[in-house]
Amino acid sequence: MRRTDLLLSLAAVLSAGAYLTGNILPALLAAGIMGYYSTARLSFNPKVEVKREIPERGTELEPLKARLMVKNLSETGGRLRIKEESEFVFARELEVSIMPGEAKLLEQTIVPQRKGYIPLKGKVIFEDEPGFFYEEIQLDEEKLLVLPSARSIREALKVKRQVEAIAEVEKALGIGLETLDFKELREFHPGDDVRKIDWKSTSRLGELMIKEFYRETLSEIYLLINVDRKFRRELRKVKVDYLVLITAQLVEYFRRFGYRINGIAYNDGGIVKMVPNPRDGKSFIGELKLAPRRGLPPIKAASLEGESLLSRKILSLRRRVYTSGLVRAALKVEANSYVVIVDDIGLHPREILKAAGILRKGGSNAVVLYPNPVFFMGKDELDEEKLELLYRRYLERKKLMRKLIGKVKIIEVGPKDLIPKVVEKL
Amino acid sequence: MIGLIASLLTAVITGNYILLLAPLIYAAALKSRDLALIAFYLYVLVMAFYFNPGSIYTLSGMEGVLMAFSTVIVLDEILSGVRFRIPSREEFLVLGALTVSAFTIYTFLPVLAAVTVYVIYRRFGKPVLYTMGWWLLLAASLYAARSRLMHRGAQALIIVGLALIFILIGERRDVKAVEVKLR
């Protein structure tokens, strides 16, 4: 029930009572109440000016102060309630009394509840002094950049990632489905499915053991590897770059299960080398002559639309090639194969889509193993400014990945997906 | 505070001691505005039917007008929030004028009317002119029809009818109303 309804119902009761009992006091009281209500209604003409200044950026779960300049331009005073309706922030409601013509400077504490760009939806409610009527004023929607807090980063680091990138690749390709026929028991290798651990033999031998089953087919796998220097990054501790590690790891993994591998190395200009059936990871790396590269890889993702037609033509004329290395490599793949493309989706997303289309047409099943360069940045190189830039680039890359993922399977890898055993061997 | 003192003085002048219950509404207002509004509802109902003044054209009828004025001031104060504080200089002057004029109904009535205008002006500003215009219209109508309004029921009908016209004028403005919440 509304306050005004309560008062008007009282006035109605009094009016009826006055007429029926022939008593003028209830009539006078009813008239007084109705007069008060009408004057309040006639005077209610809210004009409130609200300006909110929000810091450009904040940190996740850490309070930040928004400054509000409120001015009552109406002829009556009232109460102002300032609310924040965005579900992504917590903000305590502010309530102040404000006289006609008065200006007040307020501070609102906002606690962002998640990271990224979050929309802020402020609302101001002006209520008249007797509390009969109100008016809602919606503030302009603003965006706040929220960076991850140091605490959340520390906590995330504590939780060990259980992503087994190579096993994910195998699952995404769907190669050689396992039968129910038992083959052997073998030692557990990183990347193996933990559900396959045989606990009886593990407890007996004191070492993790895996049950191996026969596979239906042993298919050919093509590894399409971008060896362009833009895609390389030296890892300080091990003096090798992540491309070398990932390539070696892939070869080792698939060789162990008996798959036949064909390696095709390419760069922006074309195919660099084709390596049919390498013996092991180390020899494959040797044949490709992959040496660690220093320097910063481009972390800014290219747009999916790519360069304009004219600039593409000029570039191809300058390079004297009309098809990119990746597309050429895709054309070399035999029909109905399994293909792993090791590339950075941020370098040439358009080409990746083209290659994926070519492979799909040829009946091949392709997956992109995408080492995100943002994950591979060394901690020592980071300062506050770089961290923010890196975060922006990370968000751009995530956005691009979301766009591509409907058209091609992508598996994102970071340094934690590199197997220490492979690193040691190299 | 003005409403409280006005009610107490009106209670003494009119002999309607129900008005002495006004402090209870102020106590309720300290807890919550909506609770005070409900207390006010009961207070007005009891006051209205406990006391039966004579015709509006008599001195006894003027006592009813006094009660209506003091009730409006009480309503304004409980809705705007009751706080324990030292009254301002202006309020001291108003309270002093009320107390000094409370010796006879002839002085108290115009002073209380002026105080009501002051309270409404302080709260709502210029729209107090509508209220004053409406009072004048009511007074003029009652005066003009004095020979035909011998029965008090008829007088009540005219008062309520003119108040409804004032409500219709107020309804011109489209507003959103606040809900009653008892917490």
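As the structure is a prediction and not an experimental result, all values here were calculated from the model.

Enquirer: Describe the overall build of chain A, listing the residues and the values that go with them.
Expert: Summing up its helical and strand segments, chain A has 12 helices and 21 strands in all. Taken over 426 residues, chain A has a buried fraction of 50%. When contacts within chain A are restricted to residue pairs at least 6 apart in sequence, those whose partners lie at least 24 apart make up 73%. Carbon and sulfur atoms make up 52% of the accessible area of chain A, which totals about 21,800 Å².

Enquirer: Account for the packing of aromatic side chains, with residues named and values stated.
Expert: All names here are of chain B. Inspection of every chain in the model, using the stated rule, returns 10 aromatic pairs over all chains. Relative to Y43, the ring of F40 lies with its centre 6.4 Å away and its plane at 40°, an arrangement referred to as tilted. One end of the pair is F40 and the other is Y43, both in helix α3 (residues 33-50) and 3 residues apart, which spans about a single turn. For the residue pair F40 and Y43, the accessibility class agrees, reading buried in each case.

Enquirer: So what's going on with the sheet that holds strand β1 (residues 176-177) of chain B? Which residues, and what values?
Expert: Remark on secondary structure: sheet strands pair via backbone hydrogen bonds, oriented parallel or antiparallel. Reading across the sheet, the 5 strands line up as β6(A)-β4(A)-β9(A)-β10(A)-β1(B) and stay open at both edges, with antiparallel pairing between neighbours. Only two strands of the sheet have a single neighbouring strand rather than two, namely β6 (94-98) of chain A together with β1 of chain B.

Enquirer: Quick rundown of the pairing of strand β8 (residues 116-120) of chain A? Include the residues and the values.
Expert: A regular strand places its side chains on the two faces of the sheet in alternate fashion. Residue and element names in this part refer to chain A. For β8, a buried count of 4 out of 5 residues is recorded, marking the element as mostly surrounded by other parts of the structure. Direction of pairing for β8 relative to strand β11 (residues 142-147): antiparallel, over a ladder of 5 bridges. From the neighbouring strand, L120 faces β11, where its bridge partner is E142.

Enquirer: Which residues make up the interface of chain A and chain B, and what values do they have?
Expert: Across the boundary between the two partners, chain A contributes 51 residues, which contact 61 residues of chain B. Between chain A and chain B, the buried area comes to about 5,200 Å², and carbon and sulfur atoms account for 70% of it. The tally of links between chain A and chain B comes to 4 salt bridges. With a closest N to O distance of 3.0 Å, R33 of chain B and E127 of chain A form a salt bridge. The interface formed by chain A and chain B includes 14 residue pairs in polar contact (both at pLDDT 80 or more). Contributing elements (two or more residues each) for the side of chain A that touches chain B: α1 (3-21), α2 (24-43) and β10 (133-138) of chain A. With 19 residues, α2 of chain A is the single largest residue contributor to the side of chain A that touches chain B. Looking at the side of chain A that touches chain B residue by residue, the class counts come to 27 nonpolar, 15 polar and 9 charged.

Enquirer: Explain the sheet that holds strand β14 (residues 220-226) of chain A to me, using residue names and the numbers behind them.
Expert: Residues and elements named next belong to chain A. What the 6 strands build is an open sheet, ordered β18-β17-β14-β19-β20-β21; its pairing is mixed. The sheet is open, and its two edges are formed by β18 (271-276) and β21 (409-413), each paired on a single side. Here the average twist between neighbouring strands, direction ignored, is 20°. Bridging between strand β19 (residues 338-342) and strand β20 (residues 365-371) involves 5 bridges; their strand directions are parallel. Bridging across to β20, V339 finds its partner in A366.

Enquirer: Let's hear about the side chain of R393 of chain A: which residues, and what values?
Expert: All names here are of chain A. Locating R393 in the fold gives a position in helix α11 (residues 384-404). A relative accessible area of 16% means that R393 is categorised as buried. Each residue touching R393, except ones within four places of it in the same chain, is listed here: I299 and K300.

Enquirer: Describe the pairing of β14 of chain A, listing the residues and the values that go with them.
Expert: All names here are of chain A. Burial analysis of β14 places 6 of its 7 residues in the buried class, which makes it a mostly covered element. Relative to β19, β14 is paired through 5 bridges, and the arrangement is parallel. Bridging across to β19, Y222 finds its partner in V339.

Enquirer: Could you give an account of the environment of L223 of chain A, naming the residues involved and the relevant values?
Expert: All names here are of chain A. Mapped onto the elements, L223 comes out in strand β14. Through-space distance from the C-alpha of L223 to that of G263 is 4.7 Å; in sequence the pair is 40 residues apart. Not counting residues within four places of it along the chain, the set of residues in contact with L223 comprises L250, V251, I261, N262, G263, I264, F284 and V340.

Enquirer: I'd like a rundown of the side chain of S324 of chain A, residues and numbers included.
Expert: One can find S324 of chain A in the loop between α8 (309-319) and α9 (325-332). Ignoring any residue separated from it by four or fewer positions in sequence, one finds S324 of chain A in contact with D268 and E351 of chain A.

Enquirer: Quick rundown of a positive patch on the surface? Include the residues and the values.
Expert: Residue and element names in this part refer to chain A. Taken together, K143, K399, R402, K403 and K407 make up a surface patch of like positive charges. Tracing the chain through its elements places K403 in helix α11. Relative accessible area serves as the criterion here: at 47%, K403 is assigned to the partly exposed category.

Enquirer: Requested: an account of unusual backbone geometry, with residues and values cited.
Expert: All names here are of chain A. Positive phi, normally seen in glycine, also occurs at L61, with a value near 65°. Residue placement: L61 occurs in the loop between β2 (57-59) and β3 (64-72). A positive phi angle, near 60°, is found at N336, a position not held by glycine.

Enquirer: Go over the pattern of salt bridges, please, and point to the residues and values.
Expert: Tallying each qualifying case throughout the model produces 22 salt bridges over all chains. When the shortest N-O distance is used, the salt bridge between R397 of chain A and D344 of chain A registers 2.7 Å. Of the two residues, R397 of chain A sits in helix α11 while D344 of chain A sits in the loop between β19 and α10 (349-361), which places them 53 residues apart along the sequence. On the accessibility criterion, R397 of chain A (1% relative accessible area) is buried. Residue D76 of chain B is joined to R123 of chain B by a salt bridge in which the shortest nitrogen-to-oxygen separation is 2.9 Å. You can see D76 of chain B sitting in helix α4 (residues 59-80) and its partner R123 of chain B sitting in helix α6 (residues 105-124), a full 47 residues away along the chain. Judged by its relative accessible area of 12%, R123 of chain B is buried. Three or more residues are tied together by salt bridges with common partners; here these are R3, R81, E93 and E127 of chain A together with R33 and D34 of chain B.

Enquirer: Go over the confidence of the model for chain B, please, and point to the residues and values.
Expert: In the predicted model, chain B carries a mean pLDDT of 88, and the fraction of residues at 70 or more is 97%. Per-residue pLDDT, averaged within each element of chain B, yields its smallest value for β1 of chain B (74) and its largest for α6 of chain B (92).

Enquirer: Before we move on, can you summarise the confidence of the model for chain A with the specific residues and values?
Expert: Residues and elements named next belong to chain A. The share of residues in chain A with pLDDT of 70 or more is 82%, and the mean pLDDT across the chain is 80. For chain A, the element scoring lowest by mean pLDDT is helix α12 (residues 420-425), at 51; α2 scores highest, at 92. Low pLDDT (under 50) marks residues 159-163, which in the prediction has 6 contacts with non-local residues, meaning those over four places away or in another chain.

Enquirer: Just give me the short version of the packing of helix α2 (residues 22-31) of chain B against α4 of chain B, but keep the residues and values in it.
Expert: Residue and element names in this part refer to chain B. Put simply, α2 and α4 touch, their axes get as near as 9 Å, and they point 20° apart. Between α2 and α4, the interaxial angle falls into the category roughly parallel. Relative to α4, α2 is oriented so that their crossing is right-handed. Contact with α2, carried on its side by I25, Y26 and A29, involves V74, E77 and I78 of α4 and no other residues of that element. Residue classes in the contact of α2 with α4 are distributed as 5 nonpolar, no polar and 1 charged.

Scoring rules and cut-offs
Residues numbered from 1 in each chain as written. Chains lettered and ligands numbered in written order. Predicted model: local features only at pLDDT ≥ 70, side-chain atom pairs only at ≥ 80, totals over all residues. Heavy atoms only, no water. Helix = DSSP H or I, 4+ residues; strand = E, 2+ residues; numbered from the N terminus. Buried < 20%, exposed > 50% of the residue type's maximum accessible area, 1.4 Å probe, protein only. Contact = heavy atoms within 4.5 Å. Areas by Shrake-Rupley, 256 points an atom, 1.4 Å probe, with all protein chains shown as cover. Phe/Tyr/Trp six-rings, centres within 6.5 Å; stacked < 30°, edge-to-face > 60°. Pairing = 2+ DSSP bridges. Buried area = accessible area lost by both parts, 1.4 Å probe. Salt bridge = Lys/Arg side-chain N within 4 Å of Asp/Glu carboxyl O. Polar contact = N/O pair within 3.5 Å; in protein donor to acceptor, adjacent residues only side chain to side chain. Nonpolar A, V, L, I, M, F, W, Y, C, P; charged D, E, K, R; others polar. Axes fitted to C-alpha atoms, helices over the stretch in contact; angles between N-to-C directions. Patch = residues over 30% accessible without salt bridge, like charges linked within 9 Å, V, L, I, M, F, W, Y side chains within 5 Å. Lys, Arg positive; Asp, Glu negative; His and termini not counted. Charge placed at Lys NZ, Arg CZ, Asp CG, Glu CD. pLDDT = per-residue confidence, 0-100. Parallel < 35°, antiparallel > 145°, perpendicular 65-115°, else oblique. Left-handed = near helix turned anticlockwise from the far one by under 90°.

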